[in-house]
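This is what each chain is made of:
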Amino acid sequence: MPPTVAVVGGGISGLAACYHLARGPHPPKVLLLEASARLGGWLQSTRTADGAVFEHGPRGIRPAGVVGTDTLHMVSELGLEGDVLPVPGDHPASRNRFLYTGGALHKLPSGLGGLLRPVPPFSRALLWSGVRDLLTPAGTEPDESVHAFVHRRFGQEVADIAVDSLCRGVFAGDCRALSIRSCFPALFEAERRRRSVLLGLALGSGKERGAESGLSQRARAERWSQWSLRGGMETLAQALAAFLRPRGVELHCHAPLHRLRRHPDGRWQLTLADGTVMADYVVSALPAAALAEVLPAETEPLAQELRHIPAVSVAVVNLQYEGVTLPVTGFGHLVPSSEDASLLGIVYDSVAFPQHNSTGAASVRLTVMLGGAWFGQSFGDPVAVAPALLLQRAQVAVREQLGLEPAPTRSIVKVHQACIPQYTLGHWQRIERINRFLAEQRLPLSLIGASYTGVSVNDCIASAKVAVGQLLGQLR
Ligand SMILES: Cc1cc2nc3c(=O)[nH]c(=O)nc-3n(C[C@H](O)[C@H](O)[C@H](O)COP(=O)(O)OP(=O)(O)OC[C@H]3O[C@@H](n4cnc5c(N)ncnc54)[C@H](O)[C@@H]3O)c2cc1C
Ligand SMILES: C=Cc1c2[nH]c(c1C)Cc1[nH]c(c(CCC(=O)O)c1C)Cc1[nH]c(c(C)c1CCC(=O)O)Cc1[nH]c(c(C)c1C=C)C2
């Protein structure tokens, strides 16, 4: 009898783990347990009757690097090539990103010209920040906040405006609390390797490549900045499910894991609402805090570590407008916390992905993102906040920041509770302690997903691949 692997959590991490478990020559028996009614986790897309697609979670995946290449390989194997919507390098959504500060939109500088002269909202040419980085000695701390690191290397303005906004636009988080080592490992390692972040990035760390496919080669040739799918990101979860079912993977929705116990014979006993299942190995693709709640008493030190990985809530407001024109064209704009802490930024979805507009319509579709690390102070408890308040806040922001006066013709408000994990200072040590505990206790348990080593869809898929590689090595 092949061993049984239970994958818990049916977001992209859990689905990718099943994919890697199922595609080998001697796959174990695999069952996926998902608490909710659907698969995909934060990959959520609404498709309307008139052909529009609205993303409530991720809206673009980067093709770059090993992880980006590997994801495109999986997309090819799932037969989704024809559904990929690329954003090529010369597209406005690739070239133009904006900051909203001092009541105006400012394009982020790009190209040499943009670095040589002062470009608002920066008071000095960014070239000087680059020179500062080249001359500053390497740091000696094992970790630093993202803000402290960037302040030290590039100066206060870059830290207060550019990096504050960047952390809001990726982690919905506060750069003064987030860890440089865990949130932006490439920057941390570049400084360690070459003393200068810019030098380290320019000289790179080798030319490692993932599993190439026709898609990844096209992405490189056309310099895609990101890609989506014709039916929205949720299509990826659905295609994974369609790949897994005929290969015998049991996909169970409405199956929340209540308790995880070690049976005397060394296997895991998983308690569900309607009974128990046994598994030789468990892959947890749950958010860290959710896993902490189901672990057995004897793993309390692990549960303690997991409870210390926080996550922030984000309100996602999708808006559609007719008969209006955006004042600028690009990916979207971010708002630094000093300008307005409650409003993280606005994505101009119809610029990057006009294919997601209603059939034949030239709508403007926007996504306003609110809250994040500032959710509580701005809107109170995410469980209790009134959607009408968030909609109102989003509409006012669109009017003030983009000058769109008419009311939207369509709106969808979602409040995603604890949706983006925060890698705070010292996160790397927590991950080391977790891994040490798992190894010392010889627990047949892998932890994957956004809570640990990267929040992007690519990182989640990569964490699943690595864990499954190690697991299959142990089972062999
Ligand atoms: C608003 C937003 C925008 C984003 N934008 C981007 C982007 O543009 N590009 C990008 O690359 N990334 C983006 N991300 C990040 C990325 O989407 C997520 O980090 C990723 O989807 C997380 O996947 P996951 O499988 O690790 O976790 P989740 O999606 O959280 O999946 C975990 C699953 O576990 C289930 N679960 C919980 N408890 C239990 C239990 N007890 N038993 C069984 N199941 C349980 C949940 O129901 C859920 O389905 C965004 C995220 C958000 C929220
Ligand atoms: C305004 C809030 C948010 C926007 N997107 C996200 C939030 C919280 C979430 C998010 N965005 C990205 C990722 C993945 C990171 C990765 O490593 O691929 C996540 C979790 C992609 C991203 N978005 C922006 C940047 C700079 C990145 C990093 C990758 C890249 O360079 O493409 C900027 C950005 N995000 C948002 C807006 C409005 C915006 C800039 C104009 C929305």
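Given the structure is predicted, the values throughout are model-derived calculations rather than measurements.

1. Examining the overall build of the protein
Counting its regular elements, the protein contains 19 helices and 19 strands. Computed over C-alpha atoms, the radius of gyration of the protein comes to 23 Å, within 12% of the 23 Å expected from 2.2 N^0.38 for 476 residues, which places it in the range of a compact globule. In the protein, which comprises 476 residues, the proportion classed as buried is 46%. Put simply, of all contacts in the protein between residues at least 6 apart along the chain, 71% involve residues at least 24 apart.

2. Describing the site of ligand 2
Around ligand 2 there are 21 residues in total, and Gly 169, Gly 332, Leu 344, Gly 345 and Ser 456 lie nearest to it. Those elements giving two or more residues to the shell around ligand 2 turn out to be α7 (156-171), β15 (332-334) and β16 (343-347). Here the residues of the shell around ligand 2 sort into 12 nonpolar, six polar and three charged.

3. A word on the sheet that holds strand β11 (residues 268-272)
With antiparallel pairing, three strands are arranged side by side in an open sheet as β10-β11-β12. Looking at the sheet topology across the chains shown, the edges are occupied by β10 (259-262) and β12 (275-279). Averaged over all pairs of adjacent strands, the angle between their axes in this sheet comes to 25°, without regard to strand direction. Summarising the sheet, β11 and β12 pair through five bridges and their orientation is antiparallel. The partner of Trp 268 across the bridge, within β12, is Ala 279.

4. Let's talk about the pairing of strand β6 (residues 97-101)
Counting buried positions over the five residues of β6 gives four, a clear majority of the element. Across three bridges, the pairing between β6 and β15 is parallel. Bridged to Arg 97 within β15 is Gly 332. When β6 meets strand β7 (residues 104-107), the two strands line up antiparallel, connected through four bridges. Within β7, the position partnered with Leu 99 by the bridge is His 106. Hairpin connection between β6 and β7: a loop of two residues separates the two successive antiparallel strands, and Gly 102 in this loop has a positive phi of roughly 55°.

5. Overview of the sheet that holds β15
Strand order in the open sheet formed by seven strands is β7-β6-β15-β16-β17-β14-β18, and the pairing between neighbours is mixed. Taken across any chain shown, the strands that pair with only one partner, and hence form the sheet edges, are β7 and β18 (410-421). Each neighbouring strand pair of the sheet contributes to a mean axis angle of 25°, computed without reference to strand direction. Seen against the sheet, α7 touches β6, β15, β16, β17 (364-372) and β18 and runs at an angle of roughly 70° to β16.

6. Regarding the site of ligand 1
Taken together, 38 residues surround ligand 1, and among them Gly 9, Gly 11, Gly 41, Pro 58 and Gly 449 come closest. Elements with a contribution of two residues or more to the shell around ligand 1: α1 (12-22), α13 (288-294), β14 (311-321), β18 and α19 (457-475). Here the shell around ligand 1 is built from residues that sort into 23 nonpolar, 13 polar and two charged.

7. Some words on helix α17 (residues 387-402)
For an α-helix, the turn length of 3.6 residues means that residues three or four places apart are oriented alike. Between the first and last C-alpha of α17 there are 22 Å, a value that for 16 residues agrees with the 22 Å anticipated at 1.5 Å per step. Turning to α17, its buried residues are Leu 390, Ala 394, Ala 397, Val 398, Gln 401 and Leu 402. Taken down its axis, α17 places every buried residue within 100° of arc, on the same side. Turned more than 90 degrees off the buried face of α17, the exposed positions are Ala 388, Gln 392 and Val 396. Next to the buried residues of α17 lie β6, β14, β16, β17 and β18.

8. Side note on the nonpolar core
Nonpolar side chains in soluble globular proteins tend to end up buried together. Counting 133 residues, the largest nonpolar core has Val 7, Ala 17, Cys 18, Val 146, Val 368 and Leu 370 as its most contacted members. Discounting chain neighbours no more than four positions away, the residues touching Ala 17 are Val 7, Val 283, Ala 285, Ile 448, Ala 464, Ala 467 and Val 468.

9. Notes on unusual backbone geometry
Here the residue pair Pro 120 and Pro 121 is connected by a cis peptide bond, since its omega of 15° sits within 30 degrees of zero. Structurally, Pro 121 can be placed in the loop between α4 (111-116) and α5 (126-135). Positive phi outside glycine occurs at Arg 223, with the angle close to 50°. Mapping Arg 223 onto the fold places it in the loop between α11 (214-221) and β8 (226-229). Given 15 C-beta atoms within 10 Å, Arg 223 falls into the partly exposed group. Backbone geometry places Ala 418, a non-glycine residue, at a positive phi of 45°. Relative to the helices and strands, Ala 418 resides in strand β18. Judged by the 17 C-beta atoms lying within 10 Å of it, Ala 418 is partly exposed.

10. Here's the deal with the domain arrangement of the protein
A common way to report how large an interface is uses the accessible area buried once the components associate. In terms of domains, the protein is made up of domain 1 (4-39 + 233-308 + 425-475) and domain 2 (95-203). For domain 1 versus domain 2, the distance between C-alpha centres works out to 35 Å. Between domain 1 and domain 2, the residue contacts involve five residues of the former and six residues of the latter. For the side of domain 1 that touches domain 2, a count of residues per class yields three nonpolar, two polar and no charged.

11. Overview of the packing of helix α2 (residues 65-77) against α19
For the pair α2 and α19, interaxial distance at closest approach is 9 Å and the crossing angle is 80°. Of the possible angle classes, the one that applies to α2 and α19 is roughly perpendicular. Across from Val 67, Gly 68, Asp 70, Thr 71 and Met 74 in α2, the residues of α19 making contact are Asn 458, Asp 459, Ile 461, Ala 462 and Lys 465. Residues that form the contact of α2 with α19 fall into these classes: four nonpolar, three polar and three charged.

Conventions used here
Residues numbered from 1 in each chain as written. Chains lettered and ligands numbered in written order. Predicted model: local features only at pLDDT ≥ 70, side-chain atom pairs only at ≥ 80, totals over all residues. Helix = DSSP H or I, 4+ residues; strand = E, 2+ residues; numbered from the N terminus. Rg over C-alpha atoms; globule rule 2.2 N^0.38 Å. Buried ≥ 20, exposed ≤ 12 C-beta atoms within 10 Å, placed from the backbone. Contact = placed C-beta atoms within 7 Å. Near = placed C-beta within 6 Å. Nonpolar A, V, L, I, M, F, W, Y, C, P; charged D, E, K, R; others polar. Pairing = 2+ DSSP bridges. Axes fitted to C-alpha atoms, helices over the stretch in contact; angles between N-to-C directions. Expected span 1.5 Å × (residues − 1). Arc of directions from axis to C-beta. Core = buried A, V, L, I, M, F, W, Y, C linked by C-beta atoms within 7 Å. Domains from an automatic or database assignment. Parallel < 35°, antiparallel > 145°, perpendicular 65-115°, else oblique.

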